[in-house]
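Structural overview
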2 protein chains.
Amino acid sequence: MLLPEDGPRDGGRRRPLWQRISADLAARVAEGEYGDGFPGEYELAETYGVSRGTIRNALRPLRETGSVTAQRGRKPRVVMGGHGSAFGPVSSLFASVQASGMTQRSIVLARRVVTDPATATLLSLPPTEKLLFLSRLRLADEEPLAVDNVWLPARRVAPLLEVDFADTALYKELRERCGITLDGGQEELRADTATAADAERLGCAVGAPLFRIQRIGYHQGTAIELRCSHILGDRYAVTATFGDGVPAARPAAET
Amino acid sequence: MLLPEDGPRDGGRRRPLWQRISADLAARVAEGEYGDGFPGEYELAETYGVSRGTIRNALRPLRETGSVTAQRGRKPRVVMGGHGSAFGPVSSLFASVQASGMTQRSIVLARRVVTDPATATLLSLPPTEKLLFLSRLRLADEEPLAVDNVWLPARRVAPLLEVDFADTALYKELRERCGITLDGGQEELRADTATAADAERLGCAVGAPLFRIQRIGYHQGTAIELRCSHILGDRYAVTATFGDGVPAARPAAET
DNA sequence: TAGTGGTCTAGACCACCTT
DNA sequence: AGGTGGTCTAGACCACTAT
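What comes next concerns the included structure. A quick note: this is a predicted structure, and the numbers were derived from the prediction, not measured. Here, residues in each chain are numbered from 1, in the same order as that chain's written sequence. Each chain gets a letter, beginning with A, and each ligand a number, beginning with 1, in the order they are written. In keeping with the model being predicted, local features are shown solely for residues with a pLDDT of at least 70 and side-chain atom pairs are shown and tallied solely at 80 or more, while totals for entire chains, interfaces and linings include all residues. Think of the side-chain values as coming from all heavy atoms in the structure, minus any hydrogens and water.

What about the protein's contact with DNA strand D?
As a reminder of what qualifies: One heavy atom within 4 Å of a molecule or strand is enough for the residue carrying it to be called near that molecule or strand. To qualify as a helix, a DSSP run of H or I must reach at least 4 residues; to qualify as a strand, a run of E must reach at least 2; elements of each kind are numbered from the N terminus. Just so you know the grouping, Ala, Val, Leu, Ile, Met, Phe, Trp, Tyr, Cys and Pro go in nonpolar, Asp, Glu, Lys and Arg go in charged, and all remaining residues, Gly too, go in polar.
Near DNA strand D lie 23 residues; those nearest to it are Glu41(A), Arg52(A), Gly73(A), Leu17(B) and Thr54(B). At the protein interface, 61% of the atoms of DNA strand D within 4 Å belong to sugar or phosphate. Of all the secondary-structure elements, those providing two or more residues to the surface near DNA strand D are helix 2 (41–48) and helix 3 (52–64) of chain A together with helix 1 (17–30) and helix 3 (52–64) of chain B. Sorting elements by how many residues they give to the surface near DNA strand D places helix 3 of chain A first, with 3 residues. Partitioned by chemical class, the residues of the surface near DNA strand D number 7 nonpolar, 6 polar and 10 charged.

Things to note about the protein's contact with DNA strand C
Selection rule: For this analysis, a polar contact is any N or O atom pair within 3.5 Å, provided that within protein one partner can donate a hydrogen and the other can accept it, and provided that sequence-adjacent residues contribute only side-chain to side-chain pairs.
Taken together, 24 residues surround DNA strand C, and among them Leu17(A), Thr54(A), Glu41(B), Arg52(B) and Gly73(B) come closest. Within 4 Å of the protein, atoms of DNA strand C come from sugar and phosphate in 58% of cases. Between DNA strand C and Arg52(B) there is a distance of 2.6 Å, counted from a base nitrogen to a side-chain nitrogen or oxygen. Where the surface near DNA strand C is concerned, the elements lending two or more residues are helix 1 (17–30) and helix 3 of chain A together with helix 2 (41–48) and helix 3 of chain B. The element contributing the most residues to the surface near DNA strand C is helix 3 of chain B, with 3 residues. Here the surface near DNA strand C is composed, by residue class, of 8 nonpolar, 6 polar and 10 charged.

Side note on the environment of Ala154(A)
All names here are of chain A. Convention followed: Only heavy atoms matter for contacts: two residues are in contact if any of them lie within 4.5 Å across the pair.
Structurally, Ala154 can be placed in the loop between strand 4 (143–153) and helix 5 (170–178). The sequence separation of Ala154 and Ala208 amounts to 54 residues, and the corresponding C-alpha distance is 34 Å. The contacts of Ala154, once residues within four sequence positions are left out, are Lys130, Leu131 and Leu132.

As for the packing of helix 1 of chain A against helix 3 of chain A
Residues and elements named next belong to chain A. Using the following cut-off: Axis angles are defined between N-to-C directions and span 0 to 180 degrees, where every axis is a line fitted to C-alpha atoms and, for a helix, only to the segment in contact. Relative orientations are named as follows: roughly parallel for angles under 35 degrees, roughly antiparallel for angles over 145 degrees, roughly perpendicular for angles from 65 to 115 degrees, and oblique for any other angle. Here a crossing is taken to be left-handed if its near helix is turned anticlockwise relative to the far helix by less than a right angle, and right-handed if that turn runs clockwise.
Between helix 1 and helix 3, the least distance of the axes is 8 Å, while the angle of their chain directions is 50 degrees. Here helix 1 lies oblique to helix 3, going by the angle between them. Our pair here, helix 1 against helix 3, has a crossing hand that is right-handed. Residue-level inspection shows Leu17, Trp18, Ile21, Ser22, Leu25 and Ala26 of helix 1 in contact with helix 3, the latter providing Thr54, Ile55, Asn57, Ala58, Leu59, Pro61 and Leu62.

Structural notes on helix 1 of chain A
Residue and element names in this part refer to chain A. Defined as follows: Each residue after the first adds 1.5 Å to the expected span of a helix. Whether a residue is buried, partly exposed or exposed follows from its accessible area with a 1.4 Å probe, protein chains only, as a fraction of its type maximum: under 20%, in between, or over 50%, in that order.
Between its first and last C-alpha atoms helix 1 spans 20 Å; for 14 residues at 1.5 Å apiece the expected length is 20 Å, and the two agree. Of the positions making up helix 1, those classed as buried are Gln19, Arg20, Ile21, Ser22, Asp24, Leu25, Arg28, Val29 and Ala30. Phi turns positive, to about 75 degrees, at Gly32, one or two residues after helix 1.

Here we look at the state of the cysteines
Where we set the bar: A pair of sulfur atoms, both from cysteines and within 2.5 Å, is called a disulfide here.
All told, the structure shown has 0 disulfides over all chains when counted by the stated rule. In this model Cys228(A) remains outside any disulfide bridge; the closest cysteine sulfur is found in Cys204(A), 17 Å from its own.

Remarks on the packing of aromatic side chains
All names here are of chain A. Counted only if it meets this: Any two of the Phe, Tyr and Trp rings considered here, Trp counted by its six-membered ring, make a pair once their centres fall within 6.5 Å; the pair's planes then place it as stacked at under 30 degrees, edge-to-face at over 60, or tilted in between.
Under the definition given, this model contains 5 aromatic pairs over all chains. Judged by centre distance (4.9 Å) and plane angle (75 degrees), the ring pair of Tyr34 and Phe38 falls under edge-to-face. Comparing Tyr34 with Phe38 shows no difference in burial state: the two are buried.

Description of the nonpolar core
Applicable threshold: Throughout this description, the term nonpolar core refers to a set of buried Ala, Val, Leu, Ile, Met, Phe, Trp, Tyr and Cys residues connected via side-chain atoms within 4.5 Å.
Counting 19 residues, the largest nonpolar core has Leu189(A), Phe211(A), Ile231(A), Leu189(B), Phe211(B) and Ile231(B) as its most contacted members. When residues of this core are traced back to their parent elements, those giving at least two are strand 4, strand 5 (184–193) and strand 6 (209–219) of chain A together with strand 5 (143–153), strand 6 (184–193) and strand 7 (209–219) of chain B.

Points about the side chain of Ser22(A)
Locating Ser22(A) in the fold gives a position in helix 1. The contacts of Ser22(A), once residues within four sequence positions are left out, are Ala58(A) and Pro61(A).

As for the environment of Leu62(B)
All names here are of chain B. Within the fold, Leu62 resides in helix 3. The spacing of Leu62 and Leu189 is 127 residues in sequence and 27 Å in space, taken between C-alpha atoms. Setting aside chain neighbours within four positions, we find Leu62 in contact with Leu25, Ala26, Ser67 and Val68.

Given below as structure tokens:
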């Protein structure tokens, strides 16, 4: 496997081999090249003609950001970003993104059982697996705040098929009716602008700023939910506080 | 060096060697054992009787959280008391770009001393306090990624007035020239669209999606920096992983 | 110049999952 | 049984920093 020798240099010297391979793999993942199976470490080592240690260094950023899976014994897979959307540098800025403060009223836009091969694959399910699809418009103070789409494996959440979610929290029902408590997750948060469909459902202008959050929730190592939220940018902000040296007060301003 | 054989086990089997060494080192750091000099990798390898690769795995969590320094040629040092630092390298955009295998460069747009009552107030300073204002255009792989504006109290960071920031990280200079290591911070992340001024500096269309991140960094309870970053939405995504149930396993170094 | 960490190699064994 | 990733070893060379 050839890597660009004349590619970007860092102040005149070559970048480390593992970084070039990592960038190459990230680009290929972003282009959807590995939609049906990501190569293993040994195979990558041979294709690039490097040692396995170098491949492991190259894979570390992709694995830390959840772009590809890595589990003993299992075939690796591409998790996110395979939809032709190139995502470049990624940062785990937050140990936890608090999506709380969003307890409001919901309008159920859709609740039905579907089959969706792409979504099922993201949840590590067979492509034909039946999924419960739940789409809700979330209101805060009776004003639209977000559209929230969730897919869950129908087999695991059968008791939810008859629940009215207009005024209840999904996680509460999951816990009480299915005995499932999510104990982990991955989130990816992007900035985007509203499409015509977004604008209609959210009552905003086309091109208005939006957060798009994709999340996979896990219960004891098994993927349980895929959630895609589209949140109005002017009504929502993610905040994080970290470290010891922060006084209690909490300012807020713009520039 | 003996490690507790009867120590914490993971479901009946021993934890990996590097994790036990990592926990041991973290405990010693927390107790202040290495106040005047942290051992190097070779010395640690000999002390614990393991290979250097194992030591490097054990040190990775300590280095990522900023508990100990690691720079070529320099003697390693313990940075803080050992408890929850994790500011500079972790959430630094500079570092996250590097970690994803891209080249990076900054173009300094402005570097001057200003007075700005609103900003000074945010930093809990008198309104007339002089501030060092630093504005940089950040490039990843020679393409614009973000505009980064920083204000710092000039009195505290006098040595930085002459530094060229085109190729260096602010936090590194803060640490080495001013003896200031940020130990806490607040961040607020918003989705927005590009104004005409943003579009000109970032080379994007007016209305393109942007992240706006505002951060206040603290050193021992005192606000040191106000940072406002404007990052292209199509080149940046924030990811977060949380909980134990996520199979795309990350190395979890506990203590 | 001596010592540091960064990188890379080649090989080995093991735990785990799939088939 | 075969392939996956996780771990560990032993050695090598290089870039950088301090002295």
